[in-house]
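Inside the fold
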Amino acid sequence: MSVQQAHKSQILYSCYYSRNREGEQFIPEHVFSYQVSGSLSLNDGNEVYTFNEGDFRFCRRNQLIKFIKQPVPGGEYANVSVYLDQETLRNFAIEYGYQAAKRQEHCPPVMLLNPDPLYKSYMQSLMPYERLANPANKALLVLKLKEVILILLQANPSLADVLFDFSEPGKIDLEAFMNQHFHFNVELKRFAYLTGRSLATFKRDFEKIFHSSPARWLQKRRLQEAHYLISEKGAAPSSIYLDLGFEDLSHFSFAFKKMYGVSPSKMKV
């Protein structure tokens, strides 16, 4: 497996040769990506989005995402991504006079973009710049980021309401959010932020709703889901523990046996 990435760059080129790579991440900034080869599946806890070679996508900031990266048979997985941080977008909005007309609360977290010739020519123009994060290339990086913002706005004018919405997540239904995202293995402060709360308020509201601490509830909810998947769906413990937010199989097995009195590998289907 080889990976090429510009350290801390806003423009990243990734290449993998392994069978597949699975994981999860928090997306703090908007991302515009081009699938060079292979396929990518993204799961936000509600829907699964699949992208294949030649697809362009846009991911909104402040999202929890699980991913599966799959190389083509006998080939590679390759992807180019451009990260549009808030400072860059604020400066652009001031320079070009943009602002969000309204908050796009119901805009999908991940969007497949309709093909546009400018997208491909832009992505191709990035290929020579593997080390764009070098301080000497700062001015060039700024220009390339301005260019992609202009291209996105020309092809999708409605994205202005997404790109230039600089508000933080508002207070949302905590119970619904946690029931949808309990399997994401992130810190409590991340859950708090995404539900529009301080960590202290998050913990207080959580106790009122679930009558349990977040840590105890998360483990119990994940184990309940594991029990269902193993007993009703015939899932193998080794294939589900990561998807349910456990960091290693031994910890998952220990917690499962403590709760149900039997190890997950000995559950009868």
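Residues numbered from 1 in each chain as written. Predicted model: local features only at pLDDT ≥ 70, side-chain atom pairs only at ≥ 80, totals over all residues. Heavy atoms only, no water.

**Brief notes about the environment of Tyr260**
Residue position: Tyr260 is located in helix α10 (residues 249-260). You can call Tyr260 partly exposed: its relative accessible area is 29%. It is 35 Å that separates the C-alpha atoms of Tyr260 and Gln70, two residues lying 190 residues apart in sequence. Those residues within four positions of Tyr260 in sequence are excluded, and the remaining contacts are Leu223, Gln224 and His227. (Helix = DSSP H or I, 4+ residues; strand = E, 2+ residues; numbered from the N terminus. Buried < 20%, exposed > 50% of the residue type's maximum accessible area, 1.4 Å probe, protein only. Contact = heavy atoms within 4.5 Å.)

**Details of the sheet that holds strand β1 (residues 11-16)**
Strand order in the open sheet formed by five strands is β1-β8-β3-β6-β9, with antiparallel pairing between adjacent strands. Both outer strands of the open sheet, β1 and β9 (110-113), are each paired with one neighbouring strand and no more. Put simply, the sheet's adjacent strands are angled 20° from each other on average, direction ignored. Two strands pair when backbone bridges link them, and strand β3 (residues 30-37) and strand β8 (residues 77-84) are joined in this way by seven bridges, in the antiparallel orientation. (Pairing = 2+ DSSP bridges. Axes fitted to C-alpha atoms, helices over the stretch in contact; angles between N-to-C directions.)

**A look at the side chain of Thr88**
Note that Thr88 resides in helix α1 (residues 86-96). Within the local environment of Thr88, its side chain forms a polar contact with the side chain of Gln10, the two groups lying 3.4 Å apart. Other than its neighbours up to four places away in sequence, Thr88 contacts Gln10, Leu145 and Ile149. (Polar contact = N/O pair within 3.5 Å; in protein donor to acceptor, adjacent residues only side chain to side chain.)

**Some details on the side chain of Asp165**
Mapped onto the secondary structure, Asp165 falls in the loop between α4 (160-163) and α5 (174-181). Among the residues examined, Asp165 registers a relative accessible area of 16% and is labelled buried. Among the polar contacts made by the side chain of Asp165, one reaches the side chain of Ser167 at a distance of 2.6 Å.

**A few points about helix α2 (residues 117-126)**
Every buried residue belonging to α2 is among Tyr119, Tyr122, Met123 and Leu126, and all of these are buried. Down the axis of α2, the buried side of the element spans an arc of 95°, and every buried residue falls inside it. Buried residues in α2 make contact with β1, β3, β6 (56-59), β8, β9 and α3 (138-155). The residue sitting at the N-terminus of α2 and contributing the capping side-chain oxygen is Asp116; that oxygen lies 2.8 Å from the backbone nitrogen of Leu118. (Arc of directions from axis to C-beta.)

**Some points on the pairing of β3**
Summarising burial for β3: seven of the eight residues are buried, a large majority. Note: β3 against β6, four bridges, orientation antiparallel. Paired with Phe32 across the two strands is Phe58, which belongs to β6.

**Here we look at the confidence of the model for the protein**
With 90% of its residues at a pLDDT of at least 70, the protein reaches an overall mean of 89. Across residues 1-8, where pLDDT falls below 50, the model places 22 contacts with residues more than four positions away in sequence or in other chains. (pLDDT = per-residue confidence, 0-100.)

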